Protein chains: 2
Amino acid sequence: MQNFHRDGICPIRDVLSRLGDKWSLLVLVSLQTNGVMRFGDLQRSIGDVSQRMLTVTLRTLEADGIVERKAYAEVPPRVEYRLTDRGRSLMPCLNGLVEWAQRHADGILENRK
Amino acid sequence: MQNFHRDGICPIRDVLSRLGDKWSLLVLVSLQTNGVMRFGDLQRSIGDVSQRMLTVTLRTLEADGIVERKAYAEVPPRVEYRLTDRGRSLMPCLNGLVEWAQRHADGILENRK
């Protein structure tokens, strides 16, 4: 029996568990669709994400080199977010998941009844 | 600006948020690799998952029709888990994510320093 213990595939488990949450997925899909965005744009495009949750999500994605944060020394200060090359390379996988979910959402909701 | 509000793509958000957690991913990858498994097999193959967490994860995946639970009327009782067709159809996306994470894990860990 092949196992998937922490020590064996720990970095992969760690990387994927930081990507797997709903807010990361929505930030990435929104940046892919809308390109360069500000914090407020992201918050409006996702709708029900709290300021704190969006801040934490962006910070994690930035730390992992998946999203780039650019601050402009202007008054008032301007901060923009965009996908990095690494972020863009992730999108085919995530788009595949979104398409899978679109195809199966009705069946899954039916299954839960 | 395209938005991704709850009401717009709610079922997709809901479906993906139940799939995105680390334990679901590990259960699915383990079942794909090891085929039919018992609860104890799954727990040993993942290693550090608690009994409660594995129970909740399996119940969610079963409710969504992604994993099948089969109980045999034997003494002692025998229960087996396997991927359903829907579960198998999900694996190419998840395998893509795992491969992406394998390729980028070092770079991501480096990025965090």
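For clarity, every value in this text was computed on a predicted model and none was experimentally measured.

Draft legend 1. Inspection of the relation of the copies chain B and chain A at higher detail. Of the transformation superimposing chain B on chain A, the axial component is 0.0 Å and the angular component is 180°, with the fit at an RMSD of 0.0 Å. Both copies of the chain, as the preceding transformation shows, are related through a two-fold rotation axis. Taking C-alpha positions as reference, the residue of chain B nearest the rotation axis is Gly20 of chain B, located at 2.0 Å. Most of the interface of chain B is mirrored in chain A: 98% of its interface residues are interface residues there too.

Draft legend 2. Representation of the packing of aromatic side chains within the structure. Taken as a whole and judged by the stated rule, the model has zero aromatic pairs over all chains. The cationic tip of Lys22 of chain A hangs over the ring face of Trp23 of chain A; the distance from NZ or CZ to the ring centre is 4.8 Å.

Draft legend 3. Structural context of the pairing of strand 1 (residues 67–72) of chain B. Residues and elements named next belong to chain B. As paired strands, strand 1 and strand 2 (residues 78–83) are joined by six bridges and run antiparallel to one another. Bridging from a neighbouring strand, Arg69 pairs with Tyr81 of strand 2. Once strand 1 ends, the chain turns through five residues before running back antiparallel as strand 2.

Draft legend 4. Region of interest: the side chain of Ser24 of chain B. Residue and element names in this part refer to chain B. Mapped onto the secondary structure, Ser24 falls in helix 2 (residues 22–34). For Ser24, a relative accessible area of 3% translates into the label buried. Setting aside residues up to four positions removed in sequence, Ser24 forms contacts with Arg18, Leu19, Thr57 and Leu61.

Draft legend 5. How the structure looks around unusual backbone geometry. Here the amide bond leading from Val75 of chain A into Pro76 of chain A is cis, since omega sits at -5°, within 30 degrees of zero. Following the sequence through the fold, Pro76 of chain A ends up in the loop between strand 1 (67–72) and strand 2 (78–83).

What counts, and where the lines are drawn
- Residues numbered from 1 in each chain as written.
- Chains lettered and ligands numbered in written order.
- Predicted model: local features only at pLDDT ≥ 70, side-chain atom pairs only at ≥ 80, totals over all residues.
- Heavy atoms only, no water.
- Least-squares fit on C-alpha atoms with pLDDT ≥ 70 in both.
- Contact = heavy atoms within 4.5 Å.
- Phe/Tyr/Trp six-rings, centres within 6.5 Å; stacked < 30°, edge-to-face > 60°.
- Lys NZ or Arg CZ within 6 Å of the ring centre and 35° of its normal.
- Pairing = 2+ DSSP bridges.
- Helix = DSSP H or I, 4+ residues; strand = E, 2+ residues; numbered from the N terminus.
- Buried < 20%, exposed > 50% of the residue type's maximum accessible area, 1.4 Å probe, protein only.

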